[in-house]
Amino acid sequence: MKLVAWIVARTPLAVAAGVSTVVAWLWWLLVPVRRRLAILNFRSAFPGVPPGVPLRRMMAGLVLGYFELLHEERVPGSVELSIEGTGLIAERGKAGKGTLVFAGHLGSWDLVGPLLARRTGIKATVVVKVPRSKAVAALIERVRASYGLGLLPNKAGSMPRVYELLEEGHTVVFVIDQRLTRGVAVPFFGRLALTAPAVAVAAAKTSVPVHFLEYWREGTGRHRAAFSGLLLVTGRAEDDVAAFTARIEEAVRRRPHNWLWLHDRWKGAPATAIR
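Residues numbered from 1 in each chain as written. Predicted model: local features only at pLDDT ≥ 70, side-chain atom pairs only at ≥ 80, totals over all residues. Heavy atoms only, no water.

Observations concerning the environment of threonine 11
Mapped onto the secondary structure, threonine 11 falls in the loop between α1 (2-9) and α2 (13-29). Note: C-alpha distance between threonine 11 and phenylalanine 102 (91 residues apart in sequence) is 32 Å. Those residues in contact with threonine 11 that lie beyond four places of it in its chain are Ala16, Phe67 and His71. From its side chain, threonine 11 meets the backbone oxygen of isoleucine 7 in a polar contact 2.8 Å long. (Helix = DSSP H or I, 4+ residues; strand = E, 2+ residues; numbered from the N terminus. Contact = heavy atoms within 4.5 Å. Polar contact = N/O pair within 3.5 Å; in protein donor to acceptor, adjacent residues only side chain to side chain.)

Listed below in structure tokens is the structure:
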């Protein structure tokens, strides 16, 4: 793993872009890991739209993002990230007040999160799902920590630490579009999807403001991130989770190739269709 990381970090990004495109085609043609699931997911969300091009773009961008992540770690400033909407969050952080942010598996999430922490100086902690592979988990943790991004494993009993971080003036980020075995069932592309209510619950309990973070690729080594303005929180968990999830759906509709179609987002939720 260390040797692979060493090679990836030193591969010119123009070459990495070509390699990523080749990997995407190999995935599509020869090693279709979760390809069928991705196609089913995409067609369900965008009926009538041929899935080949957006799904290959998704895979190529996913691979290229890890080249960029390790490249940026070795040569800070080699990846461009334009950032919008940090004003309120930065002000709250300087005043020792926390902020809640939710995001989805958009673009190169493992790259943009650390880059935001490095470029803005905002004290940020992301609630993460730890990879099963110990080697991969160790590599990602090392890289994220080197960028100044805090990590909090998403497991039972983690919420008290979330509240502590908010009181310490941290921005706490939740990625809420992962498949769960339990959660709040809310609409996502016309089907119910189990979704973690943690952001909504934390917002209702603490009155800490909530923002949505959207990010996308604009080219090789070029990305953009935008924080929304303050979002309305009703205190009703199901309504708030549905509203947050709708924000992610809107972002995916803007850029269908920009979302991770490889996981079964709807598995385990009630089969009732939303009309």
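Things to note about the packing of aromatic side chains
Within the structure shown, the criterion is met by 13 aromatic pairs. Their ring planes at 55 degrees and their centres at 5.9 Å tell us that tryptophan 27 and tryptophan 28 sit as a pair that is tilted. When the centroid spacing of 5.0 Å and the interplanar angle of 80 degrees are considered together, the rings of phenylalanine 188 and phenylalanine 189 count as edge-to-face. Here the aromatic cluster, defined as three or more aromatic residues joined through ring pairs, consists of Phe42, Phe46, Phe188, Phe189, Trp259, Trp261 and Trp266. The aromatic ring of tryptophan 216 is capped on one face by arginine 255, whose charged end is 3.9 Å from the ring centroid. Over the face of the ring belonging to phenylalanine 188 we find arginine 265, whose NZ or CZ atom lies 5.6 Å from the ring centre. (Phe/Tyr/Trp six-rings, centres within 6.5 Å; stacked < 30°, edge-to-face > 60°. Lys NZ or Arg CZ within 6 Å of the ring centre and 35° of its normal.)

A closer look at the packing of helix α4 (residues 52-74) against helix α6 (residues 109-120)
Closest axis-to-axis distance for the α4/α6 pair is 8 Å, and the angle between their directions is 30 degrees. In this view, α4 runs roughly parallel relative to α6, as classed from their interaxial angle. Contact with α4, carried on its side by Leu62, Gly65, Tyr66, Glu68, Leu69, Glu72 and Glu73, involves Trp109, Asp110, Leu111, Pro114, Leu115, Arg118 and Arg119 of α6 and no other residues of that element. Grouping the amino acids of the contact of α4 with α6 by side-chain chemistry returns seven nonpolar, one polar and six charged. (Axes fitted to C-alpha atoms, helices over the stretch in contact; angles between N-to-C directions. Parallel < 35°, antiparallel > 145°, perpendicular 65-115°, else oblique. Nonpolar A, V, L, I, M, F, W, Y, C, P; charged D, E, K, R; others polar.)

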